[in-house]
Amino acid sequence: MFTLLLFILGFCLRSECNDFILGQPRLYGPSEALVNEVQYFQCEVPNHSMIDAILLKIVKEDGKMLGEMTSLKGEVANIPLYIKPLYEGYLKCVASAQNNSEINATVSYRHYLKVIVPVKDAAIIYSGPDEFFEGKTLELRCQLGAGNHVSYKWLHNGQTISQSPFHHMADDRLRIYRTTSKDSGFYMCQARNIFNKTVYISNSSEVIITVKDLVSSPDISFIILKEDSGNYSALVTCQSNRGTTPITFSLYNRAQLVTNATSKERHTAFKVPVVMEQHLGWLQCQAENGDETTYSQWLPLHVVPVGGPVEMSYDYDIGENYAVVGLRFYCKAAKGTHPQYQWFLNETLLQARGSFFYVDDQPPVQSVLLLSVGRSSAGMYHCKVSDNFDNTTAISSQRRYMDKEVVNRLPVLVVAIVFGCFTMLILLVFSCCLIGVLFRRKEYGKVSFVFKEPHEHNKEFS
């Protein structure tokens with residue numbers, strides 16, 4: 001009887017509670033909104049006919065209330081929100097009975113709201129120097145006065161910068177590693193975001209960056225000048241193939257500074273007095289343009305006039321049927337540090353290149369005249385050598401006649417050697433054969449004696 005009473009009482013209490021339980025509210029609204037605009041969100045609670053007034057609130061996950069409205073007799077609540085940047089995130093609708101705390105509140109599923117703040121006032125932030133040398137890292141940041149959900153684009157001299165091993169873009173930053181002078185120029189950042197197919201763009205002002213090339217190791221060379229007084233000077237040239245100008249060049253003789261100069265070009269020249277056939281030291285060029293100093297090779301300052309004798313030799317190339325098809329003449333002087341060469345065919349000067357020849361000067365060692373063998377190249381050849389700073393005196397080589405028949409004719413010495421070798425070979429073969437015959441006869445005689453000796457012994461015994 002007591003159990004039945006408890007069951008009836010529990011059933012009654014359960015029926016009363018069901019009359020006062022709110023259904024779960026449903027929240028509807030835009031998933032994306034523009035800042036400083038009004039957007040309406042709908043919240044409704046199904047099956048609450050027993051309660052006349054329900055308070056509906058839109059709150060964030062942290063509990064901050066954004067808006068509220070009272071729903072009467074089951075109507076849908078249109079709650080206006082003046083969109084602010086902090087409204088972005090997950091929203092919920094909380095339903096509770098108006099002025100009745102005994103009824104438990106219910107909460108809707110989450111609804112995500114994305115708030116768009118249009119970009120504006122883009123500016124490049126850079127704290128480094130506007131000019132620096134290659135190899136360093138350049139880092140730029142694009143700062144905005146306002147904006148979120150932003151995509152960035154970087155431009156260099158009006159061209160879009162793409163990702164590469166040395167160009168890295170992430171968020172609002174651009175990093176360029178191991179910069180070169182090609183990275184010099186105008187930089188601009190462009191920020192953009194989109195709302196409802198409307199694109200908002202903000203361009204920064206341009207920032208000028210100059211990346212300077214380090215000066216390369218200079219080359220050093222000199223030519224000799226003959227002065228009107230009869231004295232001689234060396235015009236020493238220092239030249240770097242790369243490097244941002246101006247460049248300061250310094251000329252040293254061993255450890256002693258001779259002179260220096262700053263040039264707007266990548267080269268300069270210094271004049272130094274010289275004395276013939278005297279070793280005046282070792283020269284070196286040094287170059288710097290604001291960072292590191294680079295050095296040339298050491299060059300001896302030693303000038304020797306051309307002296308004889310001048311020798312002319314040759315070799316050749318063999319073609320089909322062992323015929324000579326190409327010929328090379330070599331012209332060398334016994335001494336001279338700055339020689340100048342001239343080639344002649346039948347007393348006619350050969351200039352650099354022709355239909356059948358090519359001149360390859362290789363100072364101070366030699367000059368090479370390359371010839372194709374034919375009718376046009378036949379004639380008498382010789383070369384002359386003089387100082388390139390004073391051609392008043394020239395030393396000539398011996399003359400040599402050359403044509404197709406001459407170069408293909410075997411020299412007498414070669415014929416004698418070949419004939420002598422052939423004769424010696426015949427004599428050697430004949431000697432070997434003669435020795436072989438004599439040796440065989442001797443061996444045959446010994447064998448006959450061996451076989452004859454037992455027969456005579458048996459005869460004596462009998």
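Whatever comes next refers back to the structure up there.
Residues numbered from 1 in each chain as written. Predicted model: local features only at pLDDT ≥ 70, side-chain atom pairs only at ≥ 80, totals over all residues. Heavy atoms only, no water.

### Structural notes on the pattern of salt bridges
Opposite charge on two side chains lets them pair, provided their charged atoms get close.
1) Next: Inspection of the entire model under this criterion finds 13 salt bridges.
2) Next: A salt bridge links Glu-227 to Lys-271, with the nearest nitrogen and oxygen atoms 3.7 Å apart. Taken together, the residues Glu-227 in the loop between strand S20 (219-226) and strand S21 (232-239) and Lys-271 in strand S24 (residues 267-274) connect sequence positions 44 residues apart.
3) Next: Taking relative accessible area as the criterion, Glu-227 reaches 27% and is therefore assigned partly exposed.
4) Next: A network of salt bridges, in which partner residues are shared, links Glu-134, Asp-213 and Arg-242. (Salt bridge = Lys/Arg side-chain N within 4 Å of Asp/Glu carboxyl O. Helix = DSSP H or I, 4+ residues; strand = E, 2+ residues; numbered from the N terminus. Buried < 20%, exposed > 50% of the residue type's maximum accessible area, 1.4 Å probe, protein only.)

### What about the pairing of strand S28 (residues 307-318)?
In regular strands, side chains alternate between the two faces of the sheet.
1) Next: Pairing of S28 with strand S29 (residues 324-335), which is carried by 10 bridges, proceeds in the antiparallel orientation. Residue pairing for S29: Tyr-314 is matched across the bridge by Phe-329. (Pairing = 2+ DSSP bridges.)

### Examining the side chain of Lys-60
1) Next: Mapped onto the elements, Lys-60 comes out in strand S4 (residues 53-60).
2) Next: No salt bridge is formed by the buried Lys-60. Its closest oppositely charged neighbour is Asp-62, at 5.4 Å.
3) Next: Polar contacts involving the side chain of Lys-60 include one to the main-chain carbonyl oxygen of Glu-88, which spans 2.9 Å.
4) Next: Residues contacting Lys-60, with those up to four places away along its chain left out, are Leu-66, Leu-86, Tyr-87, Glu-88, Tyr-90 and Leu-91. (Lys, Arg positive; Asp, Glu negative; His and termini not counted. Polar contact = N/O pair within 3.5 Å; in protein donor to acceptor, adjacent residues only side chain to side chain. Contact = heavy atoms within 4.5 Å.)

### Description of the sheet that holds strand S1 (residues 26-28)
1) Next: The strand order across the open sheet formed by 3 strands is S1-S3-S6, and the pairing between neighbours is antiparallel. Of all strands in the sheet, those bounded by a partner on one side alone are S1 and strand S6 (77-82). Going from strand to strand, the sheet's axes swing by 25° on average, the running direction of each strand aside.
2) Next: With 3 bridges connecting them, S1 and strand S3 (residues 38-44) associate as antiparallel partners. Bridge pairing in S3 links Leu-27 to Cys-43. (Axes fitted to C-alpha atoms, helices over the stretch in contact; angles between N-to-C directions.)

### Quick look at the sheet that holds strand S16 (residues 173-176)
1) Next: Pairing is antiparallel in the open sheet, where 4 strands are placed in the order S10-S12-S16-S15. Of all strands in the sheet, those bounded by a partner on one side alone are strand S10 (123-125) and strand S15 (167-170). This sheet shows a mean twist of 20° between the axes of neighbouring strands, independent of strand direction.
2) Next: Pairing of S15 with S16 involves 4 bridges; the strand directions are antiparallel. Each residue of the ladder has a partner; that of His-167, found in S16, is Ile-176.

### So, the state of the cysteines
1) Next: Evaluation of the coordinates by the stated rule reveals 4 disulfides.
2) Next: Each disulfide pairs two cysteine sulfurs, and for Cys-238 the partner residue is Cys-285, the sulfurs being separated by 1.8 Å. Sign of the S-S torsion, about -65° for the bond between Cys-238 and Cys-285, identifies this disulfide as left-handed. In this pair, Cys-238 sits in strand S21 while Cys-285 sits in strand S25 (residues 279-288), placing the two residues 47 residues apart along the sequence.
3) Next: Here Cys-238 falls in the buried class, since its relative accessible area comes to 0%.
4) Next: Covalent S-S linkage joins Cys-331 and Cys-383, the inter-sulfur distance amounting to 2.0 Å. (Disulfide = S-S within 2.5 Å.)

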